[in-house]
Structures are given as structure tokens and as C-alpha cells.
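Descriptive analysis of the structure
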Amino acid sequence: MTGELPRPEPVVSPEARRFWEATGEQRLRLQRCSECAAVVWYPRGICPDCSSSNLDWFEASGRGLVYSFTINHRGTGPYEGIGPYILAYVELEEGPRMLTNIVDCDSEKLRIGQLVEVRFADTGTGTALVRFTPVETVADG
Ligand SMILES: [Zn+2]
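This text gives an overview of the structure that appears in the document. (Residues numbered from 1 in each chain as written. Predicted model: local features only at pLDDT ≥ 70, side-chain atom pairs only at ≥ 80, totals over all residues. Heavy atoms only, no water.)

**Re the sheet that holds strand E2 (residues 39–40)**
Rule in force here: Any two strands are treated as partners once DSSP identifies two or more bridges connecting them. Helix numbers and strand numbers start at the N terminus; a helix is a DSSP run of H or I with at least 4 residues, a strand a run of E with at least 2.
Strand order in this open sheet of 3 strands is E2-E1-E3, and the pairing throughout is antiparallel. Only two strands of the sheet have a single partner each, and these edge strands are E2 and strand E3 (55–59).

This is the structure in C-alpha cells:
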């Protein structure tokens, strides 16, 4: 479960260009609506809450909680044949839930509500994939 996951190059849409540029600098950037203050994920041109096109970028904390997860035994595409890996929704501190992988993690110990922080997996093309790893706390164990 701790094997290295593939690092496929992302398809970068114009709306997501600034997100991917930031990942290449090991930074997690999200959009926030200037009209209604909604935090927007995934990157897009129009606020999903109020339809405003006034979206600004800001740097997120990179922390969140495991909202849900599954252990995937049958990867496809670049993930085919790599063995079990963790697919999860992480609820970011800023609110949105991001579909991601949990890495550097004992799956037996992972739990809903676990505090996690971002890890950047460099694709070698100026971008990095956003993954998360558990943050150990004194209450663990
Ligand atoms: Zn809005």
C-alpha cells in the first residue's frame, strides 16, 4: 500500500491553468467568489453558487479531513496493476471536497475524520498532482 503511485501529466484546461502552475510550485490554490465568498473547487470560470464570473485565486492551507475513502484494488489507465491504493474525498479546511489519493499511509489506521495535509507529486512537466497524507497527532494510537 505504500508503493509509489503513477504521476500522469494532467490535462490543463484554461480555467485550471493557475491551479496547475501553483502545484508546480508546491502550492495549493483555490478560487473564491468575490460576490458571494463561496470557495470553488474544481477550477472554473463561473461561481457555481451565484453565477458570478468574479473569481479570485488564493492559497489554501493544504489541510483537511478525510471525508470518505476506499481502497481500490483495480486501477485503470496509468493506475492499472499498481496494487491497492487509497482513493479518498478530502474535505479541505476551506470547505470544498477534493477527490484525491491518500499516500504514505497505513490503510489499516486510516479513518474518516483523519486530519491530512497536502503532498505534491511532481509530474516532471511543471505541474504536480495533489495528494494527501495523514497528520499524526498526540491522540493517535
Ligand atoms: Zn458566488
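After that view of the structure, there is still more to cover.
**Overview of the layout of surface pockets**
Selection criterion: Points on a 1 Å grid, built from protein atoms alone, make a cavity when a 1.4 Å probe fits but cannot get out and make a pocket when they are open with protein on both sides within 12 Å along at least 5 of 7 lines; residues with an atom within 4 Å of a point are the lining residues. Grid points are joined across faces, edges and corners, and a volume is the space filled by probe spheres set on the points. Amino acids are sorted into nonpolar (Ala, Val, Leu, Ile, Met, Phe, Trp, Tyr, Cys and Pro), charged (Asp, Glu, Lys and Arg) and polar (every other residue, Gly among them).
Of the pockets and cavities examined, the largest pocket occupies roughly 320 Å³. Taken together, 17 residues make up the lining of the largest pocket; nearest its centre are Phe19, Trp20, Trp41, Leu99 and Val130. The biggest single contributor to the lining of the largest pocket is strand E6 (residues 97–102), with 4 residues. Tallied by class, residues from the lining of the largest pocket come to 13 nonpolar, 3 polar and 1 charged.

**Section: the coordination of the zinc ion**
Short version of the rule: Distances define the donors: N, O and S atoms within 2.8 Å of the metal qualify, as do those within 3.2 Å of Na, K or Ca. Water is excluded, so some sites may look unfinished. Labels for metal geometry use angle windows, namely 85 to 135 degrees for all angles of a four-donor tetrahedral site, and for square planar (four donors) or octahedral (six donors) sites opposite donors over 155 degrees apart plus all others within 65 to 115; sites meeting none of these are irregular.
Bound to the zinc ion are the protein donor atoms Cys33 (SG), Cys36 (SG), Cys47 (SG) and Cys50 (SG), situated 2.3 Å from the metal. One can describe the site at the zinc ion as tetrahedral: its 4 donor atoms subtend angles covering 103 to 115° at the metal. As a motif over one chain, the donors of the zinc ion read C-x2-C-x10-C-x2-C. Taken together, the residues cysteine 36 in the loop between strand E1 (29–33) and E2 and cysteine 50 in the loop between E2 and E3 connect sequence positions 14 residues apart.

**Brief notes about the pattern of salt bridges**
Here is the rule we go by: Salt bridge, as used here, is a side-chain nitrogen of Lys or Arg placed within 4 Å of a carboxyl oxygen of Asp or Glu. For each residue, the accessible area found with a 1.4 Å probe, counting protein chains only, is set against the maximum for its type, and the residue is called buried under 20%, exposed over 50%, and partly exposed in between.
In the structure shown here, the tally under the stated rule is 7 salt bridges. In this structure, the salt-bridge partner of glutamate 21 is arginine 17, at a minimum N-O distance of 2.8 Å. One end of the pair, glutamate 21, and the other, arginine 17, are both in helix H1 (residues 17–24), 4 residues apart, so they sit about a helical turn from each other. Using a relative accessible area of 44% as the deciding quantity, one classes arginine 17 as partly exposed. Here glutamate 117 makes a salt bridge to arginine 119, at a shortest N to O gap of 3.2 Å.

**A word on a nonpolar patch on the surface**
Put simply, the test is: Only residues whose relative accessible area exceeds 30% and that take part in no salt bridge are eligible for patches, with like-charged residues grouped when within 9 Å of each other and nonpolar side chains (Val, Leu, Ile, Met, Phe, Trp, Tyr) grouped when within 5 Å. All accessible-area figures derive from a Shrake-Rupley calculation using a 1.4 Å probe, and residue coverage is judged against the displayed protein chains alone.
Together, Tyr67, Tyr89 and Leu99 line one region of the surface with nonpolar side chains, adding up to about 310 Å² of accessible area. The residue tyrosine 67 is located in strand E4 (residues 63–72) in this model.

**Examining the nonpolar core**
Here is a general trend for soluble globular proteins: nonpolar side chains tend to be buried in one another's company. Here is the rule we go by: The term nonpolar core refers to a set of buried residues drawn from Ala, Val, Leu, Ile, Met, Phe, Trp, Tyr and Cys, joined through side-chain atoms within 4.5 Å.
Core analysis: the largest hydrophobic core is formed by 25 residues, its most contacted members being Leu28, Met98, Ile102, Val130 and Phe132. For this core, the elements supplying multiple residues, two or more each, are H1, E3, strand E5 (85–92), E6, strand E7 (115–122) and strand E8 (128–134). Ranked by size, the runner-up nonpolar core spans 5 residues in total, among them Cys33, Ala38, Cys47 and Leu55.

**So, the pairing of E1**
Buried residues dominate E1, accounting for 4 of its 5 residues. As paired elements, E1 and E3 share 5 bridges and run antiparallel to each other. Residue pairing across strands places leucine 30 opposite phenylalanine 58, the latter belonging to E3. Here E1 runs beside E2; their pairing, made up of 2 bridges, is antiparallel. Each bridged residue has a counterpart across the sheet, and for glutamine 31 the counterpart in E2 is valine 40. Between E1 and E2, which follow one another and run antiparallel, lie 5 residues, and alanine 37 among them has a positive phi close to 70°.

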